[in-house]
Amino acid sequence: MMGKSKQLALNMLSQVVAFLLSLAINFFLIPVIIEKIGKEIYGFYSLADNFLEYATVVTTVINGMANRFITVAYSKGEIEDANKYFTSVTLVNVLLTVVLAIPAIILVLFLENIINVPANHVWDIKCLWALTFMMFFVNLIFSRYEAAPFVKNRLEITAFINMTSIMIKAILLVIVYSLFYPYIGYIGVIVFLCAVYSAVIKVRFKNKLTPDLKFKKELFDWGTVKELARVGVWNSVSQLSQLLFTGLDLLIANIFIGAEEMSILSIAKTLPIMIISFIGVIAGAFHPSMTISYSTQTTDRFVDEAKFASKMCGFICSVPVIGIAVFGKEFFSLWLPTLTAGEISRIQILSILTLLPQMLSIYVFPLYQINTITCRVRIPAILDCIIGVLNIVIVYLLLSFTDLGLYAIAGVSSTLLILKILLFVPIYAANSIKVKKRTFYPYIIRGIVLNLAVMLICVCVRRIIAADSWLMLIIAASAAAFIGYGTGFLIIFSKDERKKALGAIKNKICR
């Protein structure tokens with residue numbers, strides 16, 4: 001049996017490798033796809049993903065807490081209860097698929113009457129959306145089969161499934177866009193096929209890892225569904241609030257400004273979304289162990305694990321977040337050579353506005369998991385809903401009475417999220433586990449100091465090295481990263497933690 005620390009390292013490493021693979025593939029493929037189909041069409045793929053996020057508002061009611069309840073029951077040896085949660089959620093997901101398919105069909109049939117769609121791409125975009133919705137339904141039906149790696153704290157298996165799916169997607173995209181006329185609908189076909197592949201592999205690993213975690217129709221229980229829904233409904237409200245923050249931005253841009261402006265915002269959000277996913281990957285590596293620790297360990301041990309998760313997440317993610325903000329213009333110019341200098345400047349500004357909250361969220365991201373683990377999600381959900389509505393109102397007023405355009409859409413949500421991160425998240429997480437309200441603030445303060453230091457480092461490197469080619473950009477980014485991580489190691493971790501880490505590295509090298 002692998003030790004806890006080694007398994008955590010494996011979880012994190014595998015998740016990071018999966019993310020980097022996805023990043024590398026998107027790095028090469030997105031410019032090609034934009035060039036083939038046009039920047040004004042590419043945004044409809046991102047908009048389709050946004051509509052899937054709208055659907056998750058409904059599915060999160062049951063699925064938002066499912067892994068937590070399954071894991072706690074399984075960890076305590078209550079296998080029948082774990083099977084009851086597993087069965088009940090899976091059957092409800094099948095029912096939700098049938099229900100959600102009705103509005104999905106209506107939306108696809110009348111798409112051009114609902115949003116602005118270029119007349120000569122109507123059927124192509126409808127095909128994309130139809131197959132994207134089908135992909136979502138396959139993932140929904142088989143979503144609880146992901147519980148097995150989570151229960152066993154084997155997230156490297158989830159990473160393996162993601163990596164192979166990404167590679168299949170990349171290979172198929174290269175083939176179709178090399179050999180056939182460049183329809184955007186091909187993306188829909190490919191993501192659907194990848195979803196089917198992932199579902200098959202998830203079932204196989206579930207049977208291997210947790211053969212005693214079984215789907216049994218006779219164990220379906222409405223009481224279990226209600227138990228999950230009572231807590232999960234607040235996760236759903238929180239999900240709705242997140243849509244009010246960032247999930248409606250492309251739709252608002254499409255309706256109020258136009259399809260081409262929507263695509264500019266979509267491109268600008270591509271890199272920040274990858275970074276947000278990366279933060280989620282790092283923080284998510286701690287989620288299974290934190291859940292297991294909460295159900296089996298003392299409060300002090302759980303707090304120590306939460307603190308360590310916050311430190312590690314901030315340490316690992318600070319350099320890429322700040323680096324993109326500083327070197328963004330050079331990156332976008334090299335990555336998207338078909339765009340004009342003016343478009344590149346706008347994309348850079350919009351990407352920085354989107355990244356601003358992440359400069360702080362990297363130090364509190366694991367704290368969001370505390371709310372889920374402790375089932376204290378009602379107050380955060382209500383607050384998110386209030387701020388989300390406020391975001392929509394302010395954006396609407398700015399679009400109506402100013403010329404800020406896309407900058408209003410990206411800037412307002414970022415400002416409100418920063419206020420939430422500073423004034424609410426650390427306090428509520430501490431309150432949920434009954435520790436002092438200031439418990440997590442030292443790590444945020446250290447994080448702000450680190451951000452300023454890394455930003456200064458990146459700016460100095462940028463002035464010294466002219467990143468006017470891919471080679472020079474890689475050299476500049478590598479130099480900034482090397483110095484930045486060295487600085488972060490000194491700022492984030494205590495003296496004892498640094499000694500412990502260096503000792504562990506020394507022992508590994510000397511073996």
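Keep in mind that what you see is a predicted model, and the values were worked out from it rather than measured.

Residue-level account of the packing of helix H11 (residues 249-256) against helix H12 (residues 259-284), with values.
With their axes 7 Å apart at the nearest point, H11 and H12 run at an angle of 155° to one another. Classed by the angle they form, the pair H11 and H12 counts as roughly antiparallel. Remark: the crossing between H11 and H12 carries right-handed chirality. Contact with H11, carried on its side by Asp 249, Leu 250, Ala 253 and Asn 254, involves Ala 259, Met 262, Leu 265, Ser 266 and Lys 269 of H12 and no other residues of that element.

Can you tell me about a nonpolar patch on the surface, naming the residues and giving the values?
A contiguous nonpolar patch, built from Ile 255, Phe 256, Ile 257, Val 389, Val 393, Tyr 396, Leu 397 and Phe 401 and spanning about 780 Å² of accessible area, is present on the exposed surface. Secondary-structure elements contributing two or more residues to the nonpolar patch are H11 and helix H18 (378-401). With 5 residues, H18 is the single largest residue contributor to the nonpolar patch. Within the secondary structure, Tyr 396 is located in helix H18.

Outline the nonpolar core, listing residues and values.
Phe 44, Leu 47, Trp 129, Phe 133, Ile 187, Ile 370 and Phe 440 are the most contacted members of the largest nonpolar core, which has 154 residues in total. Per-element tally for this core: the top contributor is helix H14 (residues 299-335), with 19 residues. For Leu 47, the contacting residues outside a window of four places in its chain are Ile 115, Trp 129, Leu 250, Leu 251 and Met 262. One finds Ala 148, Ile 157, Ile 161 and Ile 201 within the second-largest nonpolar core, a separate group that totals 5 residues.

Break down the packing of helix H3 (residues 66-75) against helix H4 (residues 79-109) for me, citing the residues and quoting the values.
Here H3 crosses H4 at 160°, and the two axes come no closer than 7 Å. When the interaxial angle is binned, H3 and H4 end up roughly antiparallel. Viewed along their axes, H3 and H4 form a crossing whose handedness is left-handed. Seen from H3, the contacting residues are Ala 66, Phe 69, Ile 70, Ala 73 and Tyr 74; seen from H4, they are Ile 79, Asp 81, Ala 82, Tyr 85, Phe 86 and Val 89. When grouped by side-chain class, the residues that make up the contact of H3 with H4 number 10 nonpolar, no polar and 1 charged.

Can you break down the pattern of salt bridges residue by residue, with the values?
Applying the stated rule across the entire model yields 4 salt bridges. Among the ionic pairs, Glu 112 bridges to Lys 126, the shortest N-O distance being 3.1 Å. Residue Glu 112 is located in helix H5 (residues 111-114), and its partner Lys 126 is located in helix H6 (residues 122-141); the two are separated by 14 residues in the primary sequence. Accessibility expressed as a relative area gives 8% for Lys 126, which makes it buried. Note that Asp 384 and Lys 420 form a salt bridge whose closest N and O atoms lie 2.8 Å from each other.

A description of the packing of aromatic side chains should follow, citing residues and the corresponding values.
What the rule picks out here adds up to 15 aromatic pairs. With centroids separated by 5.2 Å and ring planes inclined at 80°, the aromatic side chains of Phe 86 and Tyr 145 adopt a geometry described as edge-to-face. Taken together, the residues span a long stretch of sequence, with Phe 86 in helix H4 and Tyr 145 in the loop between H6 and helix H7 (147-151) at a distance of 59 residues. Here Phe 86 matches Tyr 145 in class, with each residue buried. Arranged with centres 5.7 Å apart and planes meeting at 75°, the rings of Phe 331 and Phe 332 form a pair that is edge-to-face. Residues Phe 331 and Phe 332 agree in their burial class; the two are buried. Among the aromatic residues, ring-to-ring pairing joins Phe 331, Phe 332, Trp 335 and Trp 470 into one connected group.

So, how was this worked out
- Residues numbered from 1 in each chain as written.
- Predicted model: local features only at pLDDT ≥ 70, side-chain atom pairs only at ≥ 80, totals over all residues.
- Heavy atoms only, no water.
- Axes fitted to C-alpha atoms, helices over the stretch in contact; angles between N-to-C directions.
- Helix = DSSP H or I, 4+ residues; strand = E, 2+ residues; numbered from the N terminus.
- Parallel < 35°, antiparallel > 145°, perpendicular 65-115°, else oblique.
- Left-handed = near helix turned anticlockwise from the far one by under 90°.
- Contact = heavy atoms within 4.5 Å.
- Patch = residues over 30% accessible without salt bridge, like charges linked within 9 Å, V, L, I, M, F, W, Y side chains within 5 Å.
- Areas by Shrake-Rupley, 256 points an atom, 1.4 Å probe, with all protein chains shown as cover.
- Salt bridge = Lys/Arg side-chain N within 4 Å of Asp/Glu carboxyl O.
- Core = buried A, V, L, I, M, F, W, Y, C linked by side-chain atoms within 4.5 Å.
- Buried < 20%, exposed > 50% of the residue type's maximum accessible area, 1.4 Å probe, protein only.
- Nonpolar A, V, L, I, M, F, W, Y, C, P; charged D, E, K, R; others polar.
- Phe/Tyr/Trp six-rings, centres within 6.5 Å; stacked < 30°, edge-to-face > 60°.

Keep in mind that these numbers describe shape and distance, not what the molecule does.
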